[in-house]
Amino acid sequence: MDIVHQLNAIFRPKSVAVIGASPTAGKLGYDITYNLIHAGFAGPIYPVNPKADQILGLTVYKHISDIAPPPDLAVVIVPAKAVPGVIDQCGTAGVKSAVVVTGGFAEAGEEGAKLQEDLAHTARRYGVRVLGPNCQGVNNPHHNLCASWPLLTRKGGMAFISQSGTVGAALMDWATEERLGVSVFVSLGNRADVDEADCIRYFDQDPHTKVIALYVEGVKRPVDFQNALAAVTKPVVILKSGRTPRGRVAAESHTKSLAGVDAVYDAIFKKYRVYRADTLEELYDYAKALAHMSKPAGKRLLNITSSGGAAILAIDQAERLGFETPPPAAALKERLRKILPAHCAVDNPIDLTGDVIGDPTLYSKVMDAARADYDTMVIIFGDPIAGASRIVTPGASELVIFLGGADVEREERLLIHERGIPVFPTPERGLKALYQCFRFERSPDLVASPHTSTSGLQLMPANKAVALLKKEGIPVADSPLATSPEEAVARARDFAVPVVLKIASPDIAHKSDVGGVRLNLSTGEEIRAAYGEIMASAASRASNARLEGVTVSPMAKSGGVEVIVGVFTDPQYGPVMMFGLGGIFTEIYKDVQFCLLPASEEELLQTISSITGYPLLAGARGQLPTDVAALVKVMKGLSEVALNNPEIDQIDLNPVLVYDKGALAVDVRIFTRAR
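All values derive from a computational prediction rather than experimental measurement.

In this section: the environment of Gln-136. As for its placement among the helices and strands, Gln-136 is situated in the loop between β7 (129-131) and β8 (137-140). Gln-136 gets classed as buried once you look at its relative accessible area, which sits at 9%. For the pair Gln-136 and Gln-163, spaced 27 residues apart in sequence, the C-alpha separation works out to 9.6 Å. For Gln-136, the residues in contact, after removing those within four places along its chain, are Ala-147, Ser-148, Trp-149, Pro-150, Gly-165, Thr-166, Ala-169, Phe-185 and Ser-187.

Taken as a whole and assessed by the stated rule, the structure comprises 1 cavity of 30 Å³ or more. If you add up the space inside the largest cavity, you get close to 80 Å³. The wall of the largest cavity is formed by Ala-462, Val-466, Val-476, Ala-477, Ser-479, Lys-502, Lys-511, Thr-551, Ser-553, Val-666, Asp-667 and Val-668. Listing elements by their share of the lining of the largest cavity, those giving two or more residues are α17 (462-471) and β25 (549-554).

Pairing is mixed across the open sheet formed by 7 strands, whose spatial order is β9-β8-β11-β10-β12-β13-β14. Only two strands of the sheet have a single neighbouring strand rather than two, namely β9 (145-148) and β14 (275-277). Neighbouring strand axes in the sheet, compared pairwise and without regard to direction, differ in orientation by 20° on average. Inspection of the sheet shows β8 paired to strand β11 (residues 182-187) by 2 bridges, in the antiparallel sense. The residue of β11 that forms the bridge with Asn-139 is Phe-185. Its contacts with the sheet put helix α1 (residues 3-11) on β8, β9 and β11, and the angle it makes with β8 is roughly 95°. Helix α5 (residues 165-177) contacts β8, β10 (155-162), β11 and β12 (211-216) of the sheet and is inclined by roughly 165° relative to β11.

One open sheet accounts for 6 strands, arranged β16-β17-β15-β18-β19-β20; its pairing is mixed. Of all strands in the sheet, those bounded by a partner on one side alone are β16 (345-346) and β20 (423-424).

For the rest of this paragraph, the subject is the side chain of Lys-240. Mapping Lys-240 onto the fold places it in strand β13 (residues 236-240). One buried charged residue, Lys-240, remains without a salt bridge, the closest side chain of opposite sign being Asp-262 at 5.4 Å.

A word on the confidence of the model for the protein. Taken residue by residue, the protein gives an average pLDDT of 93. The fraction at 70 or more is 94%. Ignoring residues within four places in sequence, the model shows residues 443-451, a span with pLDDT below 50, making 28 contacts including any to other chains.

Let us look at the pattern of salt bridges. For the structure shown, the criterion picks out 32 salt bridges. Across the pair Arg-191 and Glu-196 runs a salt bridge, and its minimum N-O distance is 3.0 Å. Residue class for Arg-191 comes out buried when judged on its relative accessible area of 1%. In this structure, Asp-667 and Lys-502 form a salt bridge, with 2.9 Å as the shortest nitrogen-oxygen distance. A residue pair is termed long-range when its members are at least 10 positions apart, and Asp-667 in the loop between β30 (663-665) and β31 (668-673) and Lys-502 in strand β23 (residues 499-504) qualify at 165 residues. The pair Asp-667 / Lys-502 is uniform in exposure class, with both members buried. Linked through salt bridges whose partners overlap, the residues forming this network are Arg-129, Asp-193, Asp-195, Asp-198, Arg-221 and Asp-224.

Note on placement: Thr-209 falls in the loop between α6 (196-204) and β12. Separated by 2.8 Å, the side chains of Thr-209 and Ser-183 make a polar contact. Separated by 2.6 Å, the side chains of Thr-209 and Asp-206 make a polar contact.

Now for unusual backbone geometry. Look at the link from Ala-68 to Pro-69: it is a cis peptide, with omega at -5°. Here Pro-69 lies in the loop between β4 (58-59) and β5 (73-76). Following Asn-348, the chain continues into Pro-349 via a peptide bond in cis, with omega recorded as 25°. Turning to its location among the elements, Pro-349 is positioned in the loop between β16 and β17 (350-351). One non-glycine residue with positive phi stands out, namely Asn-134, at about 60°. Here Asn-134 is to be found in the loop between β7 and β8. Positive phi values are uncommon outside glycine, yet Asn-144 reaches one of about 55°. By the secondary structure assignment, Asn-144 is in the loop between β8 and β9.

For helix α18 (residues 485-492), the set of buried residues is Ala-488, Val-489 and Ala-492. The arc enclosing the buried residues of α18, seen along the axis, measures out at 100°, which places them on a common side. In this fold, the buried residues of α18 make contact with β22 (481-482), β23, α19 (524-541) and β25.

This brings us to the nonpolar core. Ranked by internal contacts, the top residues of the largest apolar core, which has 61 residues, are Phe-11, Leu-131, Val-138, Val-186, Phe-203, Phe-225 and Ile-268. Beyond its immediate stretch of four places on either side in the chain, Val-186 contacts Phe-11, Leu-131, Gly-137, Val-138, Phe-160, Ile-161, Ser-162, Cys-199 and Phe-203. Core analysis: the second largest hydrophobic core is formed by 38 residues, Val-561, Phe-579, Cys-595 and Val-634 among them.

Where burial is concerned, the two faces of strand β1 (residues 16-19) agree: the one with Val-16 and Val-18 and the one with Ala-17 and Ile-19 are both buried. Pairing between β1 and strand β2 (residues 45-48): 4 bridges, direction parallel. Residue pairing for β2: Ala-17 is matched across the bridge by Tyr-46. What joins β1 to β2 is helix α2 (residues 28-38), and the crossover it makes is right-handed.

The subject of this paragraph is the packing of helix α12 (residues 330-339) against helix α14 (residues 361-370). A packed helix pair is summarised by two numbers, namely the angle formed by the two axes and the spacing between the axes. With their axes 10 Å apart at the nearest point, α12 and α14 run at an angle of 160° to one another. By the angle between their directions, the pair α12 and α14 is classed as roughly antiparallel. The interaxial crossing formed by α12 with α14 has right-handed handedness. Within the contact between the two elements, α12 uses Leu-332, Arg-335, Leu-336 and Ile-339 and α14 uses Leu-362, Lys-365, Val-366, Ala-369 and Ala-370. Of the residues in the contact of α12 with α14, the class split is 7 nonpolar, no polar and 2 charged.

Conventions we followed
- Residues numbered from 1 in each chain as written.
- Predicted model: local features only at pLDDT ≥ 70, side-chain atom pairs only at ≥ 80, totals over all residues.
- Heavy atoms only, no water.
- Helix = DSSP H or I, 4+ residues; strand = E, 2+ residues; numbered from the N terminus.
- Buried < 20%, exposed > 50% of the residue type's maximum accessible area, 1.4 Å probe, protein only.
- Contact = heavy atoms within 4.5 Å.
- 1 Å grid on protein atoms, 1.4 Å probe; cavity = no way out; pocket = protein on both sides within 12 Å on 5 of 7 lines; lining within 4 Å.
- Points joined across faces, edges and corners; volume = space filled by probe spheres on them.
- Pairing = 2+ DSSP bridges.
- Axes fitted to C-alpha atoms, helices over the stretch in contact; angles between N-to-C directions.
- Lys, Arg positive; Asp, Glu negative; His and termini not counted.
- Salt bridge = Lys/Arg side-chain N within 4 Å of Asp/Glu carboxyl O.
- pLDDT = per-residue confidence, 0-100.
- Polar contact = N/O pair within 3.5 Å; in protein donor to acceptor, adjacent residues only side chain to side chain.
- Arc of directions from axis to C-beta.
- Core = buried A, V, L, I, M, F, W, Y, C linked by side-chain atoms within 4.5 Å.
- Right-handed = clockwise from strand over helix to strand, strands pointing away.
- Parallel < 35°, antiparallel > 145°, perpendicular 65-115°, else oblique.
- Left-handed = near helix turned anticlockwise from the far one by under 90°.
- Nonpolar A, V, L, I, M, F, W, Y, C, P; charged D, E, K, R; others polar.

Here's what the structure looks like:
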């Protein structure tokens, strides 16, 4: 059975029972019954309560099995310990789905987690789909269904799906207050069954939904989540909390699911073109823009304003986001001077000053004259502009910003929203919302490298690591082991260039930290001396380390750009590739980007070009461009190593020298998980 048929019983039920309905106002069992009635639900509503005869004018049933035919949906509001038994009764009676509002499950400790397992097991046994537990229910205005609170009924095109009931309800409240409405509000709660992946799939096929907006703390089924994102056809906006170490702890205790390393989620969202929001306001603004705005033809903006200050803020934000704000061409300036008062600045912005309060048609005149020369009209109502709602045009390439208009602003903003045109309260919020139309046409912002630990891991011997990389065609400097000074001299004779000696130890990952590296050695005397110095320094600085000798490698030719290419294994999503500037720059600048594996060549090229230091590879300031194709080959090979060797936890190639022709991995570290 497909996802739509499975979940229609929750989101579009034909009949609803409220198990735990109450005759007492103020109790959830009363409020939800009230909301179901007053939302205008078309089907029968069955209160279930063994101690009442009538609630809100509806006949009360003592038991779910007394209702025939069985309802599609049961809203469950009984004590936590009773819920698994109620789900068993629902399954026996033939109820198709349940919304479990009750809390006290996995979020409440071990006993609650066991109750949640019992609930889920029972639901699976009967094929009952469950939303929750510990959730705020579902509100589908297009189906006149409010099995939730508060009672909000305005229809719209934004689907708000939230792991926090309060967060989701706040978004729905904003949309209602602004008269934009929603297509649905879904509170996922603890996700014993229905989760974010299910909802993405379902509402991607919902005719009333234009954009899917989610508040996510953690992901329960990583593979299904990725598959849903890969298949979705509508815009998806996600606010992912638990980004900091302390935030992750809070998220895990709230939802009992792993919040994950934030850089991995950045890579996931980038891969599947998810519109990532950093704040609750951004989640709302981006959803609003994507539901109600069309993508402009280009990035040329004309700012038309009654407030010079607001226009400056708009231009600053536009420039930061890569928009163009060129002045009007000479011919347009001439036309504008004929229709505007002499004291109005004919530039970009076009400042209509306070005169526009008395003559709002000045906005329309400028827009009509300039529309052909620009891709978007940024209309800033910076004063109480009466009639603003009649100036803007549904479906046109206009960004509407209204601030400083007091009661007039509040009235006109609602009228504009009723025409299906989004209005933003500040220039910054408006421009960031407009930018979502172009978000995936440029490199994303810099992200920081996550901390990866080598605790409990084994460092693979250098010669074995080199052999493993060469098997996948990765050009890497040879690193044979030498266990004595004379053997080091003998190994060096195999190379016709000066050599590098590095300490060989399964306990020392950062060789330079213990004085374990010597460069540019040519003579036997230099090599013997360097061997002794390395061993003595390592023994002194890492007294407990096992010292096996040194590795001998040829000195790489000079002139390449140093980059780092690495892989680490995320506990939820598997191998993730890291790329950035290498050598000493890695830790200083943290100029790195991430992508999930496996990755296409296009994704690898996007990862390379997204770092701030990419001009160094592209040939900045007259330098020859580097061989990016050779770098991509290294990354592809490293991907194969990681995917074909699941025991590997981390790989660092740092640095990889990228030349104008070819590339070479100079230093290699591979960590495996202990067996």
